[in-house]
Amino acid sequence: MRKIALLGATGSIGASALDVIARHPDRFAATVLSADSRVDELIALCARFRPQHAVIAQAEHYLALRDGLLAAGLATQPHAGADALAELAGSDASDTVIAAIVGAAGMRSTLAAARAGKRLLLANKESVVLAGALLMRACAEHGAEVIPIDSEHNAIFQCLHGIGPANERVGKLILTASGGPFLNRSRAELAQVTAEQACAHPNWKMGRKISVDSATLMNKGLEVIEAHWLFGMPAERIEVLVHPQSIVHSMVEHVDGSVLAQFGQPDMRTTLACALAWPERVESGVAPLDLGRIGALTFQHPDRTTFACLDLAYAALAAGDSASATLNAANEVAVAAFLDGRIGFLDIPQVIEATLAGAERLPADGIDTLLAADASARRDANSHISRRERIAGASA
Ligand code: NAD
Ligand code: MG
């Protein structure tokens, strides 16, 4: 029986994970569930999955969680706050941790799971972008087994199986990108798009932050950095290819020209089932892939001028040190401001670029320096956004 801590249980990845877990009560048990602030949803999940522990990250909701669990007659122990989350991620309550919190907020618990030598099912890509070197070192030192829960990286993980990472037989990794809701749009068309339009992804149902990242192509930029750390591959051997149908989840090109790809429906339950059962295979609830009905799979190169975020991510990776931490934090702040209607879609890459340009580069060798870079990027990005709002207000 696998004992699973699901961090970010109320999110989109959380829901896919619980769907797969519920299909296999003989194999998987959710022993820890966490949420940010939605106490009622967390209690409802506890009633269904009966974990030993439930954590609410926003500590002011502790009493509501405790009383709600008691009222429901559940034996689940309540916890609150970021410290409790990190502690439980590393505790004996689980052998497997699904890191499915969104943003840099997931970094501490992801790192705690790595340091405790867990099987780490890693969806929280921002923690890899923020602290990739540290995280991979912690996994290696403590024997944590990382299985990626990003469909692209999971595809590459499957294609690489048996050859090992950074092997000289691999020429390059090809990450596929759907292109998001604004594929083939011009800059002029993107100036007025709304948050709702940006979140209406054609193929995937995901949280709002990653949906906007998909629309800007920053998601693929973050994934390039993620692939660099997970597979030890230099940036120049990681390519991005737009594939609007989202059926080919990524590919590995060998030096002899042979390309292996992984196919599947755009449904994260396949990825989660693969990772939860690995190296075995279990049913995921996903319908079989009918390629005859899909008919055509198409590919094109990304438009790197209109979707400037992709190259900003490559540039941050090339710059090294804390630049990726700065990129990630500036992106989180810019996306939140776009979702709040404070800035336009095309302002997102501009805020990130300005933040990167002004950022002091700190060594990426310690968690404190990386968190300092993250905090300073959030301050700078916020002041770039305020300045833009003042200019827009003055000209209105
Ligand atoms: P989501 O917004 O749907 O869910 C996020 C979860 O994190 C929620 O349970 C929320 O309560 C929790 N959370 C948010 N802020 C928190 C905080 N400060 N402290 C503790 N918990 C917090 O997001 P999602 O789409 O499920 O994505 C989760 C992660 O998985 C992201 O890093 C995303 O990039 C990655 N990912 C998602 C998908 C997908 O299909 N949704 C695919 C690949 C990778
Ligand atoms: Mg992905």
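Computed from a predicted model, the values in this text were never measured in an experiment.

Visitor: So what exactly am I meant to see when it comes to the coordination of the magnesium ion (ligand 2) here?
Guide: Reference values for coordination geometry: four tetrahedral donors around a metal ideally subtend 109.5 degrees, six octahedral donors ideally subtend 90 or 180 degrees. The coordination sphere of the magnesium ion (ligand 2) contains the protein donors Asp150 (OD), Glu152 (OE) and Glu223 (OE), at a distance range of 2.1 to 2.2 Å. Counting along the primary sequence, the residues that act as donors to the magnesium ion (ligand 2) give the motif D-x1-E-x70-E. In this pair, aspartate 150 sits in the loop between strand E7 (145-148) and helix H7 (151-160) while glutamate 223 sits in helix H11 (residues 218-231), placing the two residues 73 residues apart along the sequence. Just as aspartate 150 is buried, glutamate 223 falls in that class too.

Visitor: Help me understand the sheet that holds strand E5 (residues 96-99) in this model?
Guide: In a beta sheet, neighbouring strands pair by backbone hydrogen bonds and run either parallel or antiparallel. Within the open sheet, the seven strands sit side by side as E4-E3-E2-E1-E5-E6-E7. Their pairing is parallel. The open sheet has two edge strands, strand E4 (77-80) and E7, and neither has a second partner. Along the sheet, successive strands turn relative to each other by an average axial angle of 20°, direction set aside. Where E5 lies against strand E6 (residues 119-122), four bridges are found, and the strand directions are parallel. Paired with isoleucine 98 across the bridge in E6 is leucine 121.

Visitor: Looking at this structure, how should I read the pairing of strand E11 (residues 259-263)?
Guide: Sheet topology note: the strand E10 (residues 248-254)/E11 ladder contains five bridges and is antiparallel. Residue pairing in the sheet places valine 252 in a bridge with leucine 260 of E11. Two successive antiparallel strands, E10 and E11, enclose a turn made up of four residues, where glycine 257 displays a positive phi of approximately 95°.

Visitor: Is there a simple way to think about the domain arrangement of the protein in this case?
Guide: Size of an interface, as often reported, equals the accessible area lost when the parts are brought together. On domain assignment, one finds that the protein holds domain 1 (2-148) and domain 2 (155-268 + 289-395). The C-alpha centroid of domain 2 is placed 25 Å from the C-alpha centroid of domain 1. Buried surface at the junction of domain 1 and domain 2, both sides included, amounts to about 2000 Å², of which 74% is carbon and sulfur. When the buried area of domain 1 at its contact with domain 2 is split by residue, Lys125, Val129 and Leu130 rank highest and sum to 32% of it. There are two salt bridges connecting domain 1 and domain 2. The residue glutamate 223 makes a salt bridge to lysine 125 at a minimum N-O spacing of 2.8 Å. There are five residue pairs in polar contact (both at pLDDT 80 or more) connecting domain 1 and domain 2. Where the side of domain 1 that touches domain 2 is concerned, the elements lending two or more residues are helix H1 (12-23), helix H5 (107-115), helix H6 (125-142) and E7. For the side of domain 1 that touches domain 2, the leading source of residues is H6, giving ten residues. Classifying every residue of the side of domain 1 that touches domain 2 gives 16 nonpolar, four polar and two charged.

Rules of the game
- Residues numbered from 1 in each chain as written.
- Chains lettered and ligands numbered in written order.
- Predicted model: local features only at pLDDT ≥ 70, side-chain atom pairs only at ≥ 80, totals over all residues.
- Heavy atoms only, no water.
- Donors = N, O, S within 2.8 Å, 3.2 Å for Na, K, Ca; no water.
- Helix = DSSP H or I, 4+ residues; strand = E, 2+ residues; numbered from the N terminus.
- Buried < 20%, exposed > 50% of the residue type's maximum accessible area, 1.4 Å probe, protein only.
- Pairing = 2+ DSSP bridges.
- Axes fitted to C-alpha atoms, helices over the stretch in contact; angles between N-to-C directions.
- Domains from an automatic or database assignment.
- Buried area = accessible area lost by both parts, 1.4 Å probe.
- Salt bridge = Lys/Arg side-chain N within 4 Å of Asp/Glu carboxyl O.
- Polar contact = N/O pair within 3.5 Å; in protein donor to acceptor, adjacent residues only side chain to side chain.
- Nonpolar A, V, L, I, M, F, W, Y, C, P; charged D, E, K, R; others polar.

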